[in-house]
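Residue-level structure breakdown
Letter by letter, the chains look like this.
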Amino acid sequence: MKQSAFTLLEMLLALAVAAILMLLVIPGIKGMAQQNKQDALCKEMLSLIYFAKNQAETRRQVVTICKSDDQKTCSGDWSDGQLVFVDVENNGTIRDSEQVLLAKQLNTKQGDLYVQFYPSYRDSIKFSPISLDGSDNGTVWYCRKDATMPSWAIRISKVGDASVVYPNKHGQINDSHGHGNSLTCWKSLPATLPATGS
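Keep in mind that this is a model prediction, so the values were computed, not measured.

Things to note about the pattern of salt bridges
Tallied over the entire structure, the rule returns 4 salt bridges. Glu 44 is the salt-bridge partner of Lys 104, the closest N and O atoms lying 3.7 Å from each other. With Lys 104 in strand E3 (residues 100–104) and Glu 44 in helix H1 (residues 8–59), this residue pair connects regions lying 60 residues apart in the sequence. For Lys 104, a relative accessible area of 28% gives the class partly exposed. Between Asp 161 and Lys 53 there is a salt bridge, with the nearest N and O atoms lying 3.1 Å from each other. Here Lys 53 lies in helix H1 and Asp 161 lies in the loop between strand E7 (152–156) and strand E8 (162–165), a separation of 108 residues in the sequence. The exposure class of Asp 161 is partly exposed, given its relative accessible area of 42%. Overall, the relative accessible area of 11% leaves Lys 53 in the buried class.

The following block contains the structure:
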């Protein structure tokens, strides 16, 4: 009876092939995991926006989303956390008399959130009970650490509708104001740069 067994050379060759395949597959798996985290963050932010819009319409009051590093006041950076509150004074700042509806800390450990609204720069996202009255259009976008261009953006219209936008063929996302400026990820530079094309 003949026995078949692997020789040492065959085993080493099989291990080498397996190691090469793992080296090729692991970066793809890491990339997929990173993309899944970015997509989950986008969905969470979109959910937060629609929650605030629905609360404004249901309560017939101005509801605002602001950045919050302590989950109690409007402070810090957008990546620290967010508060949704009834904005009785309609000034984007929470006061004792105003009701916090939701405190949230989105998972932005691997990047940063940016917010820009028009017609004037606003450091909060405001939803009016009547969509056309006092709401601004703007953009919320996310950048991975050390990235120069955003991974995704959420454009919010004057009526409070939100849509997700991904980079174009040039890797850019234009701002929602229609100037064609490209959103950037640099905190020390202007938030938008002239676009090179759509």
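With respect to the state of the cysteines
For the structure shown, the criterion picks out 2 disulfides. Between the sulfur of Cys 143 and that of Cys 185 lies a disulfide, 2.0 Å long from S to S. Its torsion about the S-S bond being -80 degrees, the disulfide of Cys 143 and Cys 185 is classed as left-handed. Of this pair, Cys 143 sits in strand E6 (residues 138–144) while Cys 185 is found in the loop between strand E9 (181–183) and strand E10 (192–194), placing the two residues 42 residues apart along the sequence. Since its relative accessible area comes to 1%, Cys 143 is described here as buried. Among the residues examined, Cys 185 registers a relative accessible area of 8% and is labelled buried. Disulfide connectivity for the protein, with bonded cysteines indexed by sequence position, reads 1-2, 3-4.

Parameters and conventions
Residues numbered from 1 in each chain as written. Predicted model: local features only at pLDDT ≥ 70, side-chain atom pairs only at ≥ 80, totals over all residues. Heavy atoms only, no water. Salt bridge = Lys/Arg side-chain N within 4 Å of Asp/Glu carboxyl O. Helix = DSSP H or I, 4+ residues; strand = E, 2+ residues; numbered from the N terminus. Buried < 20%, exposed > 50% of the residue type's maximum accessible area, 1.4 Å probe, protein only. Disulfide = S-S within 2.5 Å.

By themselves, these figures tell us nothing about what the structure is for.
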